[in-house]
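# Structural overview for review
Read off the chains here:
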Amino acid sequence: MSKGEINGVDTDHLLFARGVVGDTPAAGDYTWRASNQWTHGTHSKTTIGGYFGLGEERNHKGTYEFEADHPLEFNAEDNAATPVEIVLAGLASCLTAGVAAVAENREIKLRSVKATLEADMNIGGILGSDPDVRNGFSDVRVNYEIDADDTSEADVEALVAQSQKISAVFDILTNPTNVTVGINS
């Protein structure tokens, strides 16, 4: 059975890419882009289409759009998920992709994978009512339910642990990242 036939992840291609980036480190330099447009109130739409990778400008197969808003209790219209919920979706998606890729590489057949995420946040910092309260998450919990063929609990735990090691979003959330905000004139 070739790689990709178990869970649909072409790990042979991923391992080839790892070798290319190992031999030519500059090939691993990517720039991801998103463009956001304010709609009304706290509602906005983000469009994602192109990025830079493998030494050239590239495009996704299509253009992807995401909306964000805030809930009614923030005196907003609640037209979409909040930005912090979108961050949780990014973390869940990245970790789950890692679980699938690692399982494929280890020839573990997945029947189902479900991640449930919760994040704690005190909004006193955002609202300015308590300057000592952090604006972001204070704690994030990810819990998996994984059903796989002929796999021990230790193997499933190893899948999840390896997924964390290779997850870009997990890294972004758990390590400081330089963010520069500017204004184009």
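Residues numbered from 1 in each chain as written. Predicted model: local features only at pLDDT ≥ 70, side-chain atom pairs only at ≥ 80, totals over all residues. Heavy atoms only, no water.

## Section: the layout of surface pockets
The volume enclosed by the second largest pocket comes to roughly 950 Å³. Around the second largest pocket, the lining is made up of 26 residues, and of these His-13, Leu-14, Leu-15, Ala-17 and Arg-18 lie nearest the centre. Elements with a minimum of two residues in the lining of the second largest pocket: helix H1 (11-23), helix H2 (83-105) and helix H4 (153-166). Looking at the lining of the second largest pocket element by element, the count peaks at nine residues for H1. Partitioning the lining of the second largest pocket into residue classes produces 16 nonpolar, eight polar and two charged. (1 Å grid on protein atoms, 1.4 Å probe; cavity = no way out; pocket = protein on both sides within 12 Å on 5 of 7 lines; lining within 4 Å. Points joined across faces, edges and corners; volume = space filled by probe spheres on them. Helix = DSSP H or I, 4+ residues; strand = E, 2+ residues; numbered from the N terminus. Nonpolar A, V, L, I, M, F, W, Y, C, P; charged D, E, K, R; others polar.)

## Quick notes on the environment of Asp-171
Inspection of the secondary structure assignment puts Asp-171 in helix H5 (residues 168-174). C-alpha separation for the pair Asp-171 and Leu-91, spaced 80 residues apart in sequence, amounts to 9.6 Å.

## Considerations on the packing of aromatic side chains
Considering all chains together, one arrives at three aromatic pairs under this definition. A ring pair is formed by Tyr-30 and Tyr-51, whose centres lie 6.1 Å apart and whose planes are at 15°; its orientation type is stacked. With Tyr-30 in the loop between H1 and strand S1 (31-32) and Tyr-51 in strand S3 (residues 43-53), this residue pair connects regions lying 21 residues apart in the sequence. Look at Tyr-51 and you get buried, because its relative accessible area is 14%. An aromatic cluster is defined as three or more aromatic residues linked by ring pairs; in this entry it consists of Tyr-30, Trp-32 and Tyr-51. (Phe/Tyr/Trp six-rings, centres within 6.5 Å; stacked < 30°, edge-to-face > 60°. Buried < 20%, exposed > 50% of the residue type's maximum accessible area, 1.4 Å probe, protein only.)

## Re a nonpolar patch on the surface
Together, Tyr-30, Trp-32 and Leu-54 make up an exposed nonpolar region whose accessible area comes to about 350 Å². Residue position: Leu-54 is located in the loop between S3 and strand S4 (56-68). We classify Leu-54 as partly exposed; its relative accessible area is 45%. (Patch = residues over 30% accessible without salt bridge, like charges linked within 9 Å, V, L, I, M, F, W, Y side chains within 5 Å. Areas by Shrake-Rupley, 256 points an atom, 1.4 Å probe, with all protein chains shown as cover. Salt bridge = Lys/Arg side-chain N within 4 Å of Asp/Glu carboxyl O.)

## Some points on the pattern of salt bridges
Considering all chains together, one arrives at seven salt bridges under this definition. For Arg-33, the salt bridge identified is with Glu-57, shortest N-O distance 2.9 Å. Residue Arg-33 is found in the loop between S1 and strand S2 (35-40), and its partner Glu-57 is found in strand S4; the two are separated by 24 residues along the sequence. Judged by its relative accessible area of 39%, Arg-33 is partly exposed. The shortest N-O distance in the salt bridge between Glu-118 and Arg-141 comes to 3.3 Å. Residue Glu-118 is found in strand S5 (residues 110-120), and its partner Arg-141 is found in strand S6 (residues 139-148); the two are separated by 23 residues along the sequence.

## So, the nonpolar core
Counting 20 residues, the largest nonpolar core has Val-99, Leu-110, Tyr-144, Ile-146 and Leu-159 as its most contacted members. Contributing elements (two or more residues each) for this core: H2, S5, S6 and H4. A per-element tally of this core places H2 first, with nine residues. Those residues in contact with Leu-159 that sit more than four places away from it in its chain are Val-99, Val-102, Ala-103, Arg-106, Ile-108 and Leu-110. (Core = buried A, V, L, I, M, F, W, Y, C linked by side-chain atoms within 4.5 Å. Contact = heavy atoms within 4.5 Å.)

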